[in-house]
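Listed below, chain by chain, are the residues.
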Amino acid sequence: MSATAPSSSAELIYTIEPGGMLKGSLRVPGDKSISHRALLLGAIAEGETRISGFLAGEDCLATLAAIRALGVQVETVDAGRLKVQGRGLLGLQAPQAPLDLGNSGTAIRILTGLMAGQTFAATLTGDASLQKRPMQRVIEPLTAMGARIESREGGRAPLTVHGTRPLKPLRYILPVASGQVKSALLLAGLYAGGYSWLKEPGPSRDHTERMLSAFGHGCLKENGWIGIHGGGTLLATQVEVPADLSSAAFFLAAAAMTPGSRLTLENVGVNPTRDGIIQLLKRMGAEIRLENPRQLGAEPVADIEVEGTRLQAIDIGPEEVVLAIDDIPALLIAAAAARGTTRVRGAGELRVKESDRLQAMQEGLATLGVPVEATIDGIQVTGVERFQGGEIQSHGDHRIAMAFAVASVRAKAPLLIRDCRNVDTSFPGFAALAARVGLGIASREGGRA
Ligand code: S3P
């Protein structure tokens, strides 16, 4: 590295010019949830799985490094196209070092489930944010299946998973609707003798169930229970990853709330267990149309057209929050520009994401001059005509950084957003792509090393 090259640990700062409109058409990077799952199922399938549209963001690259450390060969044709040589259900090898999952809650939780059914021990860890996040939600049911999992106090990573084979089949009601926990238990279920049954308090994203079917190992659905049988074979397949609705969400919200904007987001995944942001914005009066709806492998996709208008406040309940769990920061920006007071209830899970997102949004919106109040598991925001400028702390959370970046379209003065490096975990190239549709984002290295 040259003397002038930025150190990757230096702070990344966005400075953004106020105002403007979003125009044109955009293809955001591949879906993060689906990219993780394609690697993990490809790793334990028989044969070569070909993935296209893969998200080469840091989170999914951490999963890629992890499966390589478990003995899986992966050829990178280019950043978005991979060939995974599956080792079969019983073919993973003990890693030589701890698996570092960086910032990724999805990677650590789903891999903990997969490691539970192995014949070796593996240690899973990650960055400072990941080491603060709750892991008891996977430790408890996996322990009931017979795995032994060591953690730091309070069920925090690093986790050392001592796999057991076969695991005991599980019958379990998840205390929170969580795609990560459900997926961890479904993968562990592949290593149990017999059927495991899971029930969720509400529907969470179903990418794992859909992808298991595509790999020839479908789940059963009976009276709200999901069943998976242990053993058998996953057959390698081709996975085409759609663009990530949770990355599109920032542009969708910003265009929807800015009269004069007109934007098309291409080839976006619109799985009904994930499309809360579209439904909620529509309920706020947004002009959104799904064009060219089609099926991309196991997942529905569409081109999303959005036109800007003045939005109306709405009330959002817990069952809607889970369908838009990652998109609430973007939605709160839209609420901050809407007429009236938007109230979100049942959103306590946002406090244990990459940052405490209720607190981060409360702080940032207050800086923008938006009346906002947070409770233990909710938040209410009263819309204003224009936002103030100012300095926003993203708390190293990619989605907080991007939400406030797009808020600039309704600001009166420039915004400066701190600690944006982690945008690369889910949306490499965000600032450049945003600039292409009309946002004046400049990124620079800050002083912190
Ligand atoms: C994800 C599930 C969600 C979401 C995360 C990705 C997944 O987490 O917030 O970004 O891929 O299963 P929870 O399962 O914890 O709600």
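Structure: above.
Residues numbered from 1 in each chain as written. Predicted model: local features only at pLDDT ≥ 70, side-chain atom pairs only at ≥ 80, totals over all residues. Heavy atoms only, no water.

Draft legend 1. Broad picture of the overall build of the protein. For the protein, the helix and strand inventory stands at 14 helices and 24 strands. Taking 22 Å as the expected radius of gyration for a compact globule of 449 residues, we find that the protein reaches 21 Å, a close match to that expectation. Its C-alpha atoms give the protein principal-axis dimensions of about 60 × 60 × 45 Å. For the protein, the residues scored as buried account for 58% of the 449 residues in total. On the protein, roughly 16100 Å² of surface is accessible, and the fraction owed to carbon and sulfur atoms is 50%. (Helix = DSSP H or I, 4+ residues; strand = E, 2+ residues; numbered from the N terminus. Rg over C-alpha atoms; globule rule 2.2 N^0.38 Å. Buried < 20%, exposed > 50% of the residue type's maximum accessible area, 1.4 Å probe, protein only. Areas by Shrake-Rupley, 256 points an atom, 1.4 Å probe, with all protein chains shown as cover.)

Draft legend 2. Fine view of the site of the ligand. Around the ligand sit Ser33, Arg37, Thr106, Arg109, Ser178, Gly179, Gln180, Arg205, Ile325, Asp326 and Lys353, and that is every residue in its neighbourhood. A distance of 2.6 Å separates an oxygen atom of the ligand from a polar side-chain atom of serine 178. Here an oxygen atom of the ligand and a side-chain polar atom of lysine 353 are 2.7 Å apart. Its free accessible area being 380 Å², the ligand has 96% of it covered by the protein chains. Those elements that provide at least two residues to the shell around the ligand are helix H1 (32-43), helix H3 (105-116) and helix H5 (179-189). Taken together, the residues of the shell around the ligand sort by class into one nonpolar, five polar and five charged. (Near = heavy atom within 4 Å. Polar contact = N/O pair within 3.5 Å; in protein donor to acceptor, adjacent residues only side chain to side chain. Nonpolar A, V, L, I, M, F, W, Y, C, P; charged D, E, K, R; others polar.)

Draft legend 3. How the structure looks around the side chain of serine 196. Structurally, the position occupied by serine 196 is in strand S11 (residues 195-199). For serine 196, the side chain forms a polar contact with the main-chain nitrogen of leucine 170, separated by 3.1 Å. When neighbours within four sequence positions are excluded, serine 196 is seen to be in contact with Met145, Pro169, Leu170, Gly189, Ile226, Gly227 and Ile228. (Contact = heavy atoms within 4.5 Å.)

Draft legend 4. Broad picture of the sheet that holds strand S24 (residues 441-445). Judged by pairing direction, the sheet is mixed, and its four strands sit side by side in the order S22-S23-S1-S24 without closing on themselves. Where the open sheet ends on each side, the last strands, each with one partner, are strand S22 (390-393) and S24. Averaged over all pairs of adjacent strands, the angle between strand axes in this sheet comes to 20°, irrespective of strand direction. In this sheet, strand S23 (residues 415-418) lies alongside strand S1 (residues 12-16) in antiparallel orientation, the contact comprising three bridges. The residue of S23 that forms the bridge with threonine 15 is leucine 416. Against the sheet, helix H12 (residues 398-407) contacts S1, S22, S23 and S24, and its axis sits at roughly 175° relative to S23. (Pairing = 2+ DSSP bridges. Axes fitted to C-alpha atoms, helices over the stretch in contact; angles between N-to-C directions.)

Draft legend 5. View of H1. In this model H1 runs 17 Å from its N-terminal to its C-terminal C-alpha over twelve residues, within 8% of the 16 Å that 1.5 Å per residue would give. Of all the twelve residues making up H1, twelve are buried; the element is thus mostly covered by neighbouring parts of the structure. Burial in H1 covers these residues: Lys32, Ser33, Ile34, Ser35, His36, Arg37, Ala38, Leu39, Leu40, Leu41, Gly42 and Ala43. Looking at where H1 begins, the residue whose side-chain oxygen comes 2.9 Å from the main-chain nitrogen of serine 33 is aspartate 31. (Expected span 1.5 Å × (residues − 1).)

Draft legend 6. Structural context of the packing of aromatic side chains. Taken as a whole and judged by the stated rule, the model has five aromatic pairs. On the numbers, 6.1 Å between centres and 35° between planes, the contact of tyrosine 14 with phenylalanine 430 is tilted. Of this pair, tyrosine 14 sits in strand S1 while phenylalanine 430 sits in helix H14 (residues 430-436), placing them 416 residues apart in sequence. Residue tyrosine 14 shares its accessibility class with phenylalanine 430, and that shared class is buried. (Phe/Tyr/Trp six-rings, centres within 6.5 Å; stacked < 30°, edge-to-face > 60°.)

Draft legend 7. How the structure looks around the sheet that holds strand S15 (residues 262-269). A sheet is described by the order of its strands in space; here four strands give the open sequence S2-S15-S17-S16, paired in mixed fashion. This sheet does not close on itself; its edge strands, each paired only once, are strand S2 (23-26) and strand S16 (287-296). Pairs of neighbouring strands in the sheet enclose a mean axial angle of 15°, with direction left out of account. Inspection of the sheet shows S16 paired to strand S17 (residues 299-307) by eight bridges, in the antiparallel sense. Looking across to S17, one finds that glutamine 295 is bridged to proline 300.

Draft legend 8. The arrangement of the pattern of salt bridges in detail. In total, this model carries 29 salt bridges according to the counting rule given. A salt bridge links arginine 50 to glutamate 48; the nearest nitrogen and oxygen atoms lie 2.8 Å apart. Relative accessible area serves as the criterion here: at 43%, arginine 50 is assigned to the partly exposed category. Two residues, arginine 351 and aspartate 356, come together in a salt bridge whose shortest N-O distance is 2.9 Å. (Salt bridge = Lys/Arg side-chain N within 4 Å of Asp/Glu carboxyl O.)

Draft legend 9. The arrangement of unusual backbone geometry in detail. Backbone torsion omega between alanine 157 and proline 158 reads 0°, so that peptide bond is classified as cis. The residue after arginine 165, namely proline 166, is reached through a cis peptide bond having omega -5°. By the element assignment, proline 166 lies in the loop between strand S9 (156-162) and strand S10 (171-173). The residue asparagine 267 is not glycine, and still its phi comes out positive at about 55°. The class for asparagine 267 is buried, based on a relative accessible area of 11%.

Draft legend 10. A look at the pairing of S17. Within S17, seven of the nine residues are buried, leaving the element largely enclosed by the surrounding structure. If you look at the hairpin formed by S16 and S17, you'll find two residues sitting between the two strands, and glycine 297 has a positive phi there, around 60°.

Draft legend 11. Structural context of the nonpolar core. With 85 residues, the main nonpolar core has Tyr14, Phe251, Phe387 and Phe430 as its most contacted residues. By residue number, the principal contributor to this core is helix H7 (residues 245-256), which donates ten residues. Those residues in contact with tyrosine 14 that lie beyond four places of it in its chain are Ala405, Leu415, Leu416, Ile417, Cys420, Val423, Phe430, Ala431, Ile441, Ala442 and Ser443. (Core = buried A, V, L, I, M, F, W, Y, C linked by side-chain atoms within 4.5 Å.)

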